Amino acid sequence: MNKAKTSRRRNIFLFVSAIIFITTSGASAQQKLGDLVSEGGFDWMIGNWEATSDEGDKIELVYKWELDKHLMTMLLKFADNEYRAMIFYKPAEDQIVQITVDNQGGTGKGIWEADGNKAVLKHEHTGTDWQTNKMGFAHSKVDANTMKWEMHEMYSSGELSDYPNFTVDFKRQKKSAKK
């Protein structure tokens, strides 16, 4: 009887060890979001950006690395609106995913894609009124200190309109020294 218990425990231990080995081996082989962004040539987006709306409001946009470049966070602030997002690579679907929350209680989700020299976010945002807006945001590098941000209508097919609804030019901001 003791032999049967010992054998069963050993089999369970071997099974658990095999599962741990398989899951950790796969995880270590996964590509980082930072590698994908760099390979695509979009690491220039990381940093603090600022623009002014047509109404004169300051627009702040910040992309920041977290968790050893497995996660990028985004902050967007303008007027009385604030959006925060997590951007990460989902290897099972081979997609770069964004999950967004805003200060009004709205939520969003989207997928990032490269389109030539543009990093494009196809995004659905649902506000507290349960209205869902689908839009695309194309980010392109003008020069080392300027980013063009185009907002496009997104059709139910997932395609973006040929021409943007509006365009914003962001200027890179230097980080202020911490006091």
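Residues numbered from 1 in each chain as written. Predicted model: local features only at pLDDT ≥ 70, side-chain atom pairs only at ≥ 80, totals over all residues. Heavy atoms only, no water.

Draft legend 1. Here's a closer look at the overall build of the protein chain. Scanning the protein chain for helices and strands turns up two helices and ten strands. Scanning the protein chain from its N terminus toward the C terminus, one meets helices and strands in the order α-α-β-β-β-β-β-β-β-β-β-β. Split into buried and exposed, the 179 residues of the protein chain put 34% on the buried side. Contacts in the protein chain between residues far apart in sequence, at least 24 positions, make up 28% of those at least 6 positions apart. (Helix = DSSP H or I, 4+ residues; strand = E, 2+ residues; numbered from the N terminus. Buried < 20%, exposed > 50% of the residue type's maximum accessible area, 1.4 Å probe, protein only. Contact = heavy atoms within 4.5 Å.)

Draft legend 2. Up close: the packing of aromatic side chains. Scanning all chains against the criterion turns up five aromatic pairs. Taking 6.2 Å as the distance between ring centres and 15° as the angle between the ring planes, the aromatic pair formed by Phe78 and Tyr83 counts as stacked. Looking at Phe78, the relative accessible area reads 29%, which means it is partly exposed. Here the aromatic rings of Phe137 and Trp149 are separated by 5.1 Å at their centres, their planes lie at 15°, and the arrangement is stacked. Remark: Trp149 occurs in strand E9 (residues 146-153) and Phe137 occurs in strand E8 (residues 132-143); sequence separation between them is twelve residues. Across the pair, exposure class does not vary: Phe137 and Trp149 are buried alike. Among the aromatic side chains, those forming a connected cluster through ring pairs are Phe137, Trp149 and Phe170. (Phe/Tyr/Trp six-rings, centres within 6.5 Å; stacked < 30°, edge-to-face > 60°.)

Draft legend 3. Summary view of the nonpolar core. If you look at the biggest cluster of nonpolar residues, it comprises 30 residues, and the most contacted ones within it are Leu33, Leu61, Tyr63, Met72, Ile87, Trp112 and Phe170. For Tyr63, the contacting residues outside a window of four places in its chain are Met45, Ile46, Gly47, Met72, Thr73, Met74, Ile87, Trp112 and His139. (Core = buried A, V, L, I, M, F, W, Y, C linked by side-chain atoms within 4.5 Å.)

Draft legend 4. Expanded view of the layout of surface pockets. Each pocket or cavity is described by its volume, and for the largest pocket that value is around 590 Å³. What lines the largest pocket is a set of 27 residues, and nearest its centre among them are Leu76, Phe78, Phe137, Trp149 and Phe166. A per-class count over the lining of the largest pocket returns 16 nonpolar, eight polar and three charged. In this structure, the second largest pocket encloses a volume near 220 Å³. Taken together, 13 residues make up the lining of the second largest pocket; nearest its centre are Val37, Phe42, Ile96, Trp112 and Ala119. Elements that contribute at least two residues to the lining of the second largest pocket include exactly helix H2 (33-40) and strand E6 (107-115). Looking at the lining of the second largest pocket element by element, the count peaks at four residues for H2. Its residues assigned to classes, the lining of the second largest pocket comprises eleven nonpolar, one polar and one charged. (1 Å grid on protein atoms, 1.4 Å probe; cavity = no way out; pocket = protein on both sides within 12 Å on 5 of 7 lines; lining within 4 Å. Points joined across faces, edges and corners; volume = space filled by probe spheres on them. Nonpolar A, V, L, I, M, F, W, Y, C, P; charged D, E, K, R; others polar.)

Draft legend 5. Main features of the environment of Asn48. With respect to the helices and strands, the residue Asn48 is situated in strand E1 (residues 47-52). Note on Asn48: relative accessible area 23%, which makes it partly exposed. Considering only alpha carbons, one finds Asn48 and Tyr63, 15 residues apart in sequence, at a separation of 6.6 Å. In this view, Asn48 contacts Leu61, Val62, Lys171, Arg172, Gln173 and Lys175; residues no more than four positions away in its chain are not counted.

Draft legend 6. Broad picture of the side chain of Gln98. Residue position: Gln98 is located in strand E5 (residues 95-102). Classification of Gln98 by relative accessible area gives buried; the value is 2%. Among the polar contacts listed, one links the side chain of Gln98 to the side chain of Thr100, at a separation of 3.1 Å. There is a polar contact of 2.9 Å between the side chain of Gln98 and the side chain of Trp112. Apart from residues no more than four positions distant in its own chain, Gln98 is found in contact with Met74, Ala85, Met86, Ile87, Gly108, Lys109, Gly110, Trp112, Leu121 and His123. (Polar contact = N/O pair within 3.5 Å; in protein donor to acceptor, adjacent residues only side chain to side chain.)

Draft legend 7. Examining the sheet that holds E6 more closely. With antiparallel pairing, ten strands are arranged side by side around a closed barrel as E1-E2-E3-E4-E5-E6-E7-E8-E9-E10. Geometrically, the sheet is characterised by an average inter-axis angle of 25° between neighbouring strands, direction not taken into account. The pairing of E1 with strand E2 (residues 58-66) spans six bridges and is classified as antiparallel. Residue pairing in the sheet places Trp49 in a bridge with Leu61 of E2. Each of E2, strand E3 (71-78), strand E4 (81-90) and E5 is contacted by H2, which is oriented at about 95° to E4, the strand it contacts most. (Pairing = 2+ DSSP bridges. Axes fitted to C-alpha atoms, helices over the stretch in contact; angles between N-to-C directions.)

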